[in-house]
Amino acid sequence: MKQEQVGLYVQEQVRMWDRVSVVLGARRDNVRAVDALYGAGYDLSATTFRAGIIGELFAGVSPFFSYTESFEPLSGSTSSGAPLRPKSGRQYEAGVKLHPTETVVVTLTGYHIKEDGRAIDDPNSPDPGHSIQVDGVTSKGIEFEAITTLPGQLQLIANYSYNEAEIDGTSQQLDNVPKQNASLWAMRPFALPNDMTLRLGGGVRHSAKNRSYGPAFPDGLVTPAYTLVDTFAELSWQNWSFALNATNLLGEEYYSACLARGDCFMGTERNVFGTLSYRF
């Protein structure tokens, strides 16, 4: 399948009364897709808009609100060979950012997303590359993030999210979309002789269980919850730095997804890699 996309966007950001920021934007997209094998295709255009506002009501308290529209081309095809049409959506988001001290920032956000044209596995096709598209997918939930710096320059970052993502009228969570995710990360720099700096960090991330529904599993096939440990170390000297990153440090064996069509996918194994860089 051949796909072409051309987009043009404009955006304006305004600061008012030295405590309120407003962002307005618009985008025009044209997408063309042709499947050479089946001869199917489309030529579509869309104009989408976005707007957002954040203001500091009083010291350390800043509520915000945003509205966003989306138009997203998708790769893949249906069982008939027709290319998937672009996905569209509308998102409302509101929340508050709290800054009680110089070293603490807490953000609480609620959102509601409506999507049309979301691609899901075709339950009537044995080919895992075939999809169908559904309209009326609703995602709603909350997100929490807290960042603080403790004595000794120890930085802590905590995240939690709760997400209900369902095809309207089914009361069933979308495949491979856990309702809950959480993470906790810590990082601390150390000053070394000869103007060298060592940064050490590590954390855990947790993904809750989720279910995949299909004719063979009407009650859902469960992907178990899992918790992984990640770490990193970076040594810097002048313009040079050397970093080691490790994901799934403990070598946890887990499933990243189990689908009701009958297959499960193992999660990523322990991965350790180094990076040597020089800043000009």
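Residues numbered from 1 in each chain as written. Predicted model: local features only at pLDDT ≥ 70, side-chain atom pairs only at ≥ 80, totals over all residues. Heavy atoms only, no water.

Notes on a nonpolar patch on the surface
For step 1, the next point in the chain: Residues Trp 237, Trp 240, Phe 242, Leu 244, Val 272, Leu 276, Tyr 278 and Phe 280 make up a contiguous nonpolar surface patch of roughly 930 Å² in combined accessible area.
For step 2, the next point in the chain: Secondary-structure elements contributing two or more residues to the nonpolar patch are strand 14 (240–247) and strand 17 (271–278).
For step 3, the next point in the chain: Along the chain, Leu 244 falls in strand 14. (Patch = residues over 30% accessible without salt bridge, like charges linked within 9 Å, V, L, I, M, F, W, Y side chains within 5 Å. Areas by Shrake-Rupley, 256 points an atom, 1.4 Å probe, with all protein chains shown as cover. Salt bridge = Lys/Arg side-chain N within 4 Å of Asp/Glu carboxyl O. Helix = DSSP H or I, 4+ residues; strand = E, 2+ residues; numbered from the N terminus.)

A word on the pattern of salt bridges
For step 1, the next point in the chain: Counting across every chain of the model gives 10 salt bridges.
For step 2, the next point in the chain: A salt bridge links Glu 4 to Lys 2; the nearest nitrogen and oxygen atoms lie 3.6 Å apart.
For step 3, the next point in the chain: Residue Glu 4 is classed as partly exposed on the basis of its relative accessible area, which comes to 38%.
For step 4, the next point in the chain: Shared partners join several salt bridges into a network, and the residues in it are Glu 72, Lys 87, Glu 115 and Arg 118. (Buried < 20%, exposed > 50% of the residue type's maximum accessible area, 1.4 Å probe, protein only.)

Quick word on unusual backbone geometry
Most peptide bonds take the trans form, and the phi angle of most residues other than glycine is negative.
For step 1, the next point in the chain: A positive phi angle, near 55°, is found at Trp 17, a position not held by glycine.
For step 2, the next point in the chain: By secondary structure assignment, the location of Trp 17 is in the loop between strand 1 (2–16) and strand 2 (20–34).
For step 3, the next point in the chain: Its relative accessible area of 68% is what places Trp 17 among the exposed residues.
For step 4, the next point in the chain: One non-glycine residue, Asn 194, lies in positive phi territory at about 60°.
For step 5, the next point in the chain: Take Asn 194: its relative accessible area is 62%, and that puts it in the exposed class.

Geometry only, nothing functional implied.
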